[in-house]
Amino acid sequence: MPPELFLSAGLAGAVAAACLVLSWIFREYSWTDRIWSVVPAVYVGSFAWAAGGQDLRLDAMTAMAALWGARLTFNFWRKGGYAPGGEDYRWAVLRTRMPAWAWHAFNVAFIAGYQNLLLLLIALPAWQASRLSTPFGAPDVVMIVLWLALLAGETLADQQQWEFHLAKAARRAGGEREPLGFVTTGLWAWSRHPNYFFEISQWWVLYAWAVLAGAPLLNPSIAGAVLLTLLFDGSARFTEWITAGKYPAYADYQRRVSRILPWPPRPAPVPT
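Computed from a prediction, not measured in an experiment: that's the story for all the values here.

Visitor: What exactly am I supposed to notice about the overall build of the protein here?
Guide: Secondary structure summary: the protein contains 11 helices and zero strands in total. Along its sequence from the N terminus, the protein presents helices and strands in the succession α-α-α-α-α-α-α-α-α-α-α. For 272 residues, the compact-globule estimate of 2.2 N^0.38 gives 19 Å, and the protein sits close to it at 20 Å. Burial analysis of the protein (272 residues in total) assigns 45% to the buried set.

Visitor: Hey, could you run me through a nonpolar patch on the surface in this one?
Guide: There is a patch of nonpolar side chains on the surface, built from V21, W24, I25, F26 and V108 and spanning about 480 Å² of accessible area. Ranked by the residues each element gives to the nonpolar patch, the list is headed by helix α1 (residues 6-26), at four residues.

Visitor: Looking at this structure, I do not really get unusual backbone geometry. What am I missing?
Guide: Glycine aside, a negative phi is what most residues show, and trans is what most peptide bonds show. Notably, R27 is not glycine yet its phi reads approximately 55°, a positive angle. Secondary-structure assignment places R27 in the loop between α1 and α2 (31-35). Take R27: its relative accessible area is 54%, and that puts it in the exposed class.

Visitor: What is the right way to look at the pattern of salt bridges in this model?
Guide: Between side chains of opposite charge, a pair can form when the charged atoms approach closely. Per the stated rule, a full pass over the model turns up 11 salt bridges. Across the salt bridge formed by D233 and R259, the nearest N and O atoms sit 2.6 Å from each other. Placement of the pair is D233 in helix α10 (residues 222-246) and R259 in the segment after α11 (250-256), with a sequence separation of 26 residues. On the accessibility criterion, D233 (23% relative accessible area) is partly exposed.

Visitor: When you look at the packing of α1 against helix α6 (residues 100-121) in this model, what are you seeing that I'm missing?
Guide: A packed helix pair is summarised by two numbers, namely the angle formed by the two axes and the spacing between the axes. In the contact formed by α1 and α6, the axes pass within 9 Å of each other and the chain directions differ by 150°. Classified by the angle their axes make, α1 and α6 are roughly antiparallel. For the element pair α1 and α6, the recorded crossing hand is right-handed. On α6, the residues touching S8, A9, A12, V15, A16, C19, L20, S23 and W24 of α1 are N107, V108, A112, N116 and L120. Of the residues contributing to the contact of α1 with α6, the split by class is 10 nonpolar, four polar and no charged.

Visitor: Sorry if this is basic, but what is going on with the nonpolar core here?
Guide: Side chains that are nonpolar tend, in soluble globular proteins, to be buried together. W36, M61, W203 and W209 are the most contacted members of the largest nonpolar core, which totals 47 residues. Broken down by secondary-structure element, the contributors of at least two residues to this core are α1, α3 (39-50), α4 (56-78), α6, α7 (124-130), α8 (138-173), α9 (194-212) and α10. Among the elements that take part in this core, α9 stands out by supplying eight residues, more than any other. Among residues more than four places away in sequence, those in contact with W203 are P40, A65, W68, I122, W147, A225 and L228.

Visitor: I'm lost on the packing of α3 against α4 in this one. Help?
Guide: In the contact formed by α3 and α4, the axes pass within 9 Å of each other and the chain directions differ by 165°. The orientation of α3 relative to α4 falls into the category roughly antiparallel. Here α3 runs over α4; the crossing is left-handed. Together, P40, A41, V44, G45, F47 and A48 of α3 and L58, D59, M61, T62, A65, A66 and W68 of α4 make up the contact between the two elements. Partitioned by chemical class, the residues of the contact of α3 with α4 number 10 nonpolar, two polar and one charged.

Visitor: Got a minute to help me understand the packing of aromatic side chains in this structure?
Guide: Two descriptors summarise a pair of aromatic rings, namely the distance from one centre to the other and the angle between the planes of the rings. Enumeration according to the criterion identifies 20 aromatic pairs in this entry. Between the aromatic rings of Y196 and F232, the centroid separation amounts to 4.8 Å while the plane-to-plane angle is 80°, which identifies the pairing as edge-to-face. With Y196 in helix α9 and F232 in helix α10, the pair connects residues that are 36 residues apart, well separated along the chain. Here the two residues Y196 and F232 agree in accessibility, since each one is buried.

Visitor: Even after reading the chapter, I still don't get α3, so can you show me in this structure?
Guide: For an α-helix the count is 3.6 residues per turn, leaving residues at separations of three or four pointing the same way. Taking 1.5 Å of rise per residue, 12 residues should cover 16 Å, and α3 covers 16 Å from first to last C-alpha, within 8% of that figure. Of all 12 residues that make up α3, nine are buried, and the element is covered over most of its length. Within the sequence span of α3, burial applies to V39, P40, A41, Y43, V44, G45, S46, F47 and A48. Contacts made by the buried residues of α3 are with α1, α2, α4, α6, α7 and α9. The first or second residue beyond α3 is G52, which carries a positive phi of 75°.

Visitor: Before we go on, may I ask you to explain α9 in this structure?
Guide: Taking 1.5 Å of rise per residue, 19 residues should cover 27 Å, and α9 covers 26 Å from first to last C-alpha, within 8% of that figure. Taken across its 19 residues, α9 has 15 buried, putting it largely inside the fold. Just past α9, the residue G214 takes up positive phi, approximately 125°.

Here is what the cut-offs are and how they apply
Residues numbered from 1 in each chain as written. Predicted model: local features only at pLDDT ≥ 70, side-chain atom pairs only at ≥ 80, totals over all residues. Heavy atoms only, no water. Helix = DSSP H or I, 4+ residues; strand = E, 2+ residues; numbered from the N terminus. Rg over C-alpha atoms; globule rule 2.2 N^0.38 Å. Buried < 20%, exposed > 50% of the residue type's maximum accessible area, 1.4 Å probe, protein only. Patch = residues over 30% accessible without salt bridge, like charges linked within 9 Å, V, L, I, M, F, W, Y side chains within 5 Å. Areas by Shrake-Rupley, 256 points an atom, 1.4 Å probe, with all protein chains shown as cover. Salt bridge = Lys/Arg side-chain N within 4 Å of Asp/Glu carboxyl O. Axes fitted to C-alpha atoms, helices over the stretch in contact; angles between N-to-C directions. Parallel < 35°, antiparallel > 145°, perpendicular 65-115°, else oblique. Left-handed = near helix turned anticlockwise from the far one by under 90°. Contact = heavy atoms within 4.5 Å. Nonpolar A, V, L, I, M, F, W, Y, C, P; charged D, E, K, R; others polar. Core = buried A, V, L, I, M, F, W, Y, C linked by side-chain atoms within 4.5 Å. Phe/Tyr/Trp six-rings, centres within 6.5 Å; stacked < 30°, edge-to-face > 60°. Expected span 1.5 Å × (residues − 1).

None of the figures reported here should be taken as evidence of function without further support.
Printed below as a string of structure tokens:
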């Protein structure tokens with residue numbers, strides 16, 4: 001392992017161990033979710049720190065990762081993710097479908113282990129960029145603008161979902177019947193998971209950023225973006241399986257609207 005990765009790799013191992021121990025103590029399994037928005041920015045920042053804060057490209061990458069983390073932390077907080085009992089509802093569903101021994105193995109290998117490894121891997125394009133000596137220039141500015149545009153898209157998608165669920169809760173409190181149960185307007189009319197699309201895309205931009213700075217088109221740091229894409233694809237499928245079981249109308253939404261990539265929706269069926 002290159003020496004400059006020792007610090008971040010050691011930190012990733014320590015964070016994974018802490019998430020695992022906390023899950024055993026509190027019997028809640030969202031500890032990796034709670035640090036998801038924090039540690040990638042720390043890893044990117046560690047590469048900038050190792051460069052003495054003198055590499056403008058790495059400093060910009062750190063700033064972009066910090067903005068991503070701050071926004072995601074706020075959104076997770078307002079949904080109650082940091083509150084006691086704020087475990088992701090999908091873990092509870094999955095636990096009911098697995099023997100106890102399999103669940104505990106899954107917690108060790110996937111929730112605490114694999115996911116924390118992935119959070120390090122998505123930051124590695126910054127490490128790749130730290131090995132380059134090309135000057136900061138127009139391609140870097142383009143990547144910053146693209147990152148900010150994707151960050152704005154994810155912010156908008158999460159806000160639209162948040163406002164929908166606030167209105168949904170208000171209707172229920174007022175005794176009104178819930179007409180649909182899931183958001184289908186705004187960006188959600190073009191993608192069933194627009195927040196996933198923007199999230200994934202930001203880390204692909206980090207990889208493209210390193211490539212534009214002079215890294216080979218295919219280099220090992222691509223692993224993070226690839227594995228993140230696969231993780232979110234699997235997460236979307238599992239989430240939709242749960243949602244479709246609760247809301248019969250979701251099947252038509254699935255038929256008409258792209259799963260992750262924003263795309264013009266298919267027309268609704270004409271009543272006969």
